[in-house]
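Okay, here's what each chain looks like letter by letter:
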Amino acid sequence: KDGFNNLSLIWKLRLAWCMLRYGLKFEDGVRLYGQYIAGWGGKTTSWRFVAKKDGAETASVTLAPSAKLHLEAVPSKTVLDENGTYDMAALRIRVADEYGNTVPYAALPIRLSVAGAAELVGPETVVAEGGMTGCYVKSAGRSGTATLRLTSDQTDPVTLYFEINA
């Protein structure tokens, strides 16, 4: 952050040790810094981390600057049965990047609208904090179908379908 000329002697010695150990020249360090750290105006760098056990890949995750966000909505159930009272479904909403990672910095306002034989419990706009939020949908006392539509200015809309048995 302070430039090479302002490095303390200890950091210059650490740098020299790394260069000697790995057979690097000063130009290699400049190139690596430009490729993986600075990179302004260059190609976006992404990292793929792979977990292996006994030589076989067991898991992986790719990290990169987000180019396109999307909403993922998972209801606890899609069939609501009224048995003398209303029934409810909890909905977990997550903002994710194109690699499927939760985007914790995405504090997006998400608009919710219900149509059909159900009602929204709570506000019509929720805010994703830490990349996640939620809501509840409840039956409205009549049989039929219902849709829940989630919209945000930074993502494509998502529509969920519910069956209501009164």
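Please refer to the structure higher up on the page.
Residues numbered from 1 in each chain as written. Predicted model: local features only at pLDDT ≥ 70, side-chain atom pairs only at ≥ 80, totals over all residues. Heavy atoms only, no water.

### A short note on the sheet that holds strand 3 (residues 70-75)
Across the sheet, which stays open at both edges, the four strands sit in the order 3-5-9-7 with antiparallel pairing between neighbours. Every interior strand has two partners, whereas the edge strands, strand 3 and strand 7 (118-121), have only one. Ignoring which end each strand starts from, the neighbouring axes of this sheet average 30° apart. As paired elements, strand 7 and strand 9 (residues 132-139) share four bridges and run antiparallel to each other. Bridge pairing links Glu-119 to Lys-138 in strand 9. (Pairing = 2+ DSSP bridges. Helix = DSSP H or I, 4+ residues; strand = E, 2+ residues; numbered from the N terminus. Axes fitted to C-alpha atoms, helices over the stretch in contact; angles between N-to-C directions.)

### Structural notes on the pairing of strand 9
Pairing analysis gives seven bridges linking strand 5 (residues 88-96) to strand 9, with the strands arranged antiparallel. Each residue of the ladder has a partner; that of Met-88, found in strand 9, is Lys-138.

### A closer look at the sheet that holds strand 4 (residues 79-81)
Taken in spatial order, the five strands of this open sheet run 4-11-10-6-8, and their pairing is mixed. In the strand order of this sheet, the two ends are held by strand 4 and strand 8 (125-127), each with one partner. The sheet shows a mean angle of 25° between the axes of neighbouring strands, taken without regard to direction. Bridge count between strand 4 and strand 11 (residues 155-165): three bridges; the pairing is parallel. Each residue of the ladder has a partner; that of Val-79, found in strand 11, is Glu-163.

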